[in-house]
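Architecture and fold: a report
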Amino acid sequence: MKPGLGTQLRHLIELLDGAVEQAYVEAGLDYRPRYTPVMRVLAEQPSATIGELAALGGLTQPAATQTVALMVKKGLLTVAGGEDGRQRVVRLSAAGAALLPRLRLCWQATKSAADSLDAELAFPLSDCLAQAIAVLETRSFGARIHDGRLRLDARSDAGTTTPGE
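Thoughts on helix α5 (residues 94-120)
- Its 27 residues place the ends of α5 40 Å apart at the C-alpha level, agreeing with the 39 Å of an ideal helix rising 1.5 Å per residue.
- At P101, α5 is bent by approximately 45°, the largest bend along its length.
- Those residues of α5 that sit buried are G96, L99, L100, L103, C106, W107 and D118.
- Those residues of α5 that are buried are in contact with α1 (5-26), α2 (36-44), β3 (89-92) and α6 (125-138).

See the structure below:
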């Protein structure tokens, strides 16, 4: 039996994230892959709000909020500003900034591995993922599930009626 899409995606994430996390461990870093979108934004600009981190890092607002909270606990970020979490200003802490040179080396190695993977596939995984994201942003997977359910219901209804009804 062929695994479903969700099972395949979870397995792919396990394979990719697990290897990236192991690379950080081997580099002597106490760092999680989920921190990378936030770190990349703050490596390019000195500060950002949670909303900016979400938008620039390709994260949802809740994911950005949770990731920032974890990174603050780890001592990688500082947060200052207003009461509204989206308006608070996030910056790299001294410890976070000190990690950047080693992280950049890890990111380069990861990019090289991703390029190698893309080269061995019939079509680049990165292109396929970008296309899938773009299509789903146009019409959500939830809408597609809803439409599929309606089609199944219509077929079921058609099969249960007798001619002449």
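Next comes the rest of the write-up.
A closer look at the pairing of β3
- Side chains V90 and L92 of β3 all project onto a buried face; the interleaved residues V89 and R91 project onto a face where none is buried.
- Of the pairings in the sheet, the one linking strand β1 (residues 48-49) to β3 comprises two bridges and is antiparallel in character. Each bridged residue has a counterpart across the sheet, and for A48 the counterpart in β3 is V90.

Let's talk about the pattern of salt bridges
- Enumeration over the complete set of coordinates arrives at three salt bridges.
- With a shortest N-O distance of 2.7 Å, D30 and K74 are connected by a salt bridge. You can see D30 sitting in the loop between α1 and α2 and its partner K74 sitting in the loop between α4 (61-73) and β2 (77-80), a full 44 residues away along the chain.
- Under the relative-accessibility criterion, D30 is labelled exposed at 57%.

A closer look at the nonpolar core
- Counting 26 residues, the largest nonpolar core has Y24, Y31, M39, L42, L53, L77 and L103 as its most contacted members.
- Looking at this core, the elements that each hand over two or more residues are α1, α2, α3 (50-57), α4, β3 and α5.
- Apart from residues no more than four positions distant in its own chain, Y24 is found in contact with L29, Y31, R32, P33, T36, L103, C106 and W107.

Details of the side chain of T67
- Mapping T67 onto the fold places it in helix α4.
- With a relative accessible area of 2%, T67 lands in the buried category.
- A polar contact of 3.0 Å, which involves the side chain of T67, links it to the side chain of R34.
- Look past the residues within four positions of T67 in its chain and what remains in contact with it is R34, Y35 and V38.

So, the layout of surface pockets
- Of the voids in this model, the largest pocket is the one considered here, and its volume is about 1,600 Å³.
- Lining the largest pocket we find 33 residues, and of these I13, L16, D17, T110 and L129 sit closest to its centre.
- Elements represented by at least two residues in the lining of the largest pocket include exactly α1, α2, α5 and α6.
- Looking at the lining of the largest pocket residue by residue, the class counts come to 21 nonpolar, six polar and six charged.
- Taken as a whole, the second largest pocket encloses approximately 470 Å³ of empty space.
- Considering the residues around the second largest pocket, the lining is formed by 13 residues, among which L5, L9, C128, L129 and A132 are closest to the centre.

A short note on the sheet that holds β2
- Reading across from one edge, β1-β3-β2 is the order of the three strands in this open sheet, with antiparallel pairing throughout. At either end of the open sheet lies a strand with only one pairing partner, and these are β1 and β2.
- Bridge count for β2 against β3 is four bridges, and the pairing is antiparallel. Within the sheet, the bridge partner assigned to V79 lies in β3 and is V90.
- Against the sheet, α2 touches β1, β2 and β3, its axis set at about 85° to β3.

Conventions used here
Residues numbered from 1 in each chain as written. Predicted model: local features only at pLDDT ≥ 70, side-chain atom pairs only at ≥ 80, totals over all residues. Heavy atoms only, no water. Helix = DSSP H or I, 4+ residues; strand = E, 2+ residues; numbered from the N terminus. Expected span 1.5 Å × (residues − 1). Bend = angle between axes of the 7 residues up to and from the residue. Buried < 20%, exposed > 50% of the residue type's maximum accessible area, 1.4 Å probe, protein only. Contact = heavy atoms within 4.5 Å. Pairing = 2+ DSSP bridges. Salt bridge = Lys/Arg side-chain N within 4 Å of Asp/Glu carboxyl O. Core = buried A, V, L, I, M, F, W, Y, C linked by side-chain atoms within 4.5 Å. Polar contact = N/O pair within 3.5 Å; in protein donor to acceptor, adjacent residues only side chain to side chain. 1 Å grid on protein atoms, 1.4 Å probe; cavity = no way out; pocket = protein on both sides within 12 Å on 5 of 7 lines; lining within 4 Å. Points joined across faces, edges and corners; volume = space filled by probe spheres on them. Nonpolar A, V, L, I, M, F, W, Y, C, P; charged D, E, K, R; others polar. Axes fitted to C-alpha atoms, helices over the stretch in contact; angles between N-to-C directions.

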